[in-house]
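Architecture at a glance
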Amino acid sequence: MKIAVVVFPGSNCDIDLFEALHTVCGAAVEYVSHKNDNLDGFDAVMLPGGFSYGDYLRCGAIARFSNIMPAIVAFAKQGKPVFGTCNGFQILTEAGLLPGALKQNDSLKFVCKTVPLTVENNQTLFTTQYKEKEEIDLPIAHADGSYYADEETLAELEENQQVVFRYAGENPNGSLNNIAGITNKTGNVLGMMPHPERAVEAILGNQDGLRLFKSLLENGKVATEEAVR
Amino acid sequence: MVNVRIFVTYKQSVFNPQGETITDAIHSLGFSAVKKVNVGKFFDLQIEPNDKTVAEIVSQVSEQLLVNFNLETYHYEVMEEA
């Protein structure tokens, strides 16, 4: 399984993602520049955190217009795995691959800390190595992470079990329904504000993020073959 | 050339944390008459209409880029025509 880590101008968690997947999990990983226009040969795509295009206009709004984006949209529509953390999540909503939007934290503050989360759905490509309703800890670091969607969209997310991660303790940003991460309807696109790539080694003090990548590596290849068929 | 100002604001139904914080600050200045503040942003565009009208250009630019309709709404004013 070969994984693309897309690098936008202003991405700053691309190396963390690369190291988590390659050095820690032993996966084949390549950086793909935002200037490229195809993802041929890749089985999964990762959008890193950071401040793509300086967060100008709205977080993730400008990245939507980069060269690589049509290829990412096509890749997702084929049912292949796409993952976005933090700014990557914001980009996925702006690109219309995930419903809703991320708005400024209710506190108006940049929040950087480790928070407890509940794994709400352990049947996705990205979460099979977690137990149902398992409580895990992951770091967050964002100023614009308050998930918002209209009532109808929220109800649909809940009904389809698209809410994958929920804040278990105090809600750090004011997100509706304590949402921390969601998938699209078909479950192959996951966006989340927390940073699993920052919690993959004991020396980092936390390994709760590791199983997300291991789940993907275990399930992703199968998903890609199904999508191609 | 037409100068257009496009105003983008959160929808009424969406909580505007900056607006609430600024409202609190205004109250601590003693202006209890101010009941609500909604913070938004504006974009000044200089447009030279070609095959599309100003209204068409403004609505398409707003809808495709400047506004995220999950959260926001917009209106615009033609400032001056030269």
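Small disclaimer: the values here were computed from a predicted structure and weren't measured.

In this section: the overall build of chain A. Secondary structure assignment for chain A yields five helices and 11 strands. Its C-alpha radius of gyration of 16 Å places chain A within 12% of the 17 Å reference for a compact globule of 229 residues. For chain A, the spread of C-alpha atoms along the principal axes amounts to about 40 × 40 × 35 Å. The burial tally for chain A puts 56% of its 229 residues in the buried class. Here chain A displays about 9200 Å² of accessible surface, and carbon together with sulfur accounts for 47% of that area. Within chain A, the 29 negative side-chain charges are centred at a point lying 2 Å from the centre of the 18 positive side-chain charges.

What chain B contains, in helices and strands, is two helices and three strands. Secondary structure of chain B in N-to-C order comes out as β-α-β-α-β. In summary, chain B has a C-alpha radius of gyration of 16 Å against a globular reference of 12 Å for 82 residues, an excess of more than 25%. For chain B, the C-alpha atoms occupy an extent of roughly 50 × 30 × 15 Å along the three principal directions. Looking at chain B as a whole, 29% of its 82 residues qualify as buried. If you take every contact in chain B between residues at least 6 apart in sequence, the share linking residues at least 24 apart comes to 69%. A total of about 5300 Å² of accessible surface is found on chain B, and carbon and sulfur atoms cover 53% of it. Looking at charge distribution, chain B has the averaged site of its 6 positive side-chain charges lying 10 Å from that of its 11 negative ones.

A few words now on the packing of aromatic side chains. The geometry of an aromatic ring pair is captured by two quantities: the separation of the ring centres and the angle between the planes. Residue and element names in this part refer to chain A. What the rule picks out here adds up to seven aromatic pairs over all chains. For the ring pair phenylalanine 83 and phenylalanine 126, a centre distance of 6.2 Å and an interplane angle of 35° mean the geometry is tilted. In this pair, phenylalanine 83 sits in strand S4 (residues 82–85) while phenylalanine 126 sits in the loop between strand S6 (111–119) and strand S7 (135–142), placing the two residues 43 residues apart along the sequence. Grouping residues by exposure puts phenylalanine 83 and phenylalanine 126 together as buried. Here the aromatic rings of phenylalanine 89 and tyrosine 147 are separated by 6.2 Å at their centres, their planes lie at 5°, and the arrangement is stacked. With a gap of 58 residues between them, phenylalanine 89 in helix H3 (residues 87–94) and tyrosine 147 in strand S8 (residues 146–148) connect regions that are remote in the sequence. For the pair phenylalanine 89 and tyrosine 147, one class covers both residues: buried. Aromatic ring contacts, followed pair by pair, group Phe83, Phe126 and Phe213 into a single cluster.

Okay, the nonpolar core next. Counting 67 residues, the largest nonpolar core has Leu39, Ile72, Phe165 and Phe213 of chain A as the members making the most contacts within it. When residues of this core are assigned to their parent elements, the largest contribution, five residues, is made by helix H2 (residues 69–77) of chain A. Grouped together as the second largest cluster of nonpolar side chains are 12 residues, Val4, Ile57, Val58 and Leu66 of chain B included.

What counts, and at which threshold
Residues numbered from 1 in each chain as written. Chains lettered and ligands numbered in written order. Predicted model: local features only at pLDDT ≥ 70, side-chain atom pairs only at ≥ 80, totals over all residues. Heavy atoms only, no water. Helix = DSSP H or I, 4+ residues; strand = E, 2+ residues; numbered from the N terminus. Rg over C-alpha atoms; globule rule 2.2 N^0.38 Å. Buried < 20%, exposed > 50% of the residue type's maximum accessible area, 1.4 Å probe, protein only. Areas by Shrake-Rupley, 256 points an atom, 1.4 Å probe, with all protein chains shown as cover. Lys, Arg positive; Asp, Glu negative; His and termini not counted. Charge placed at Lys NZ, Arg CZ, Asp CG, Glu CD. Contact = heavy atoms within 4.5 Å. Phe/Tyr/Trp six-rings, centres within 6.5 Å; stacked < 30°, edge-to-face > 60°. Core = buried A, V, L, I, M, F, W, Y, C linked by side-chain atoms within 4.5 Å.

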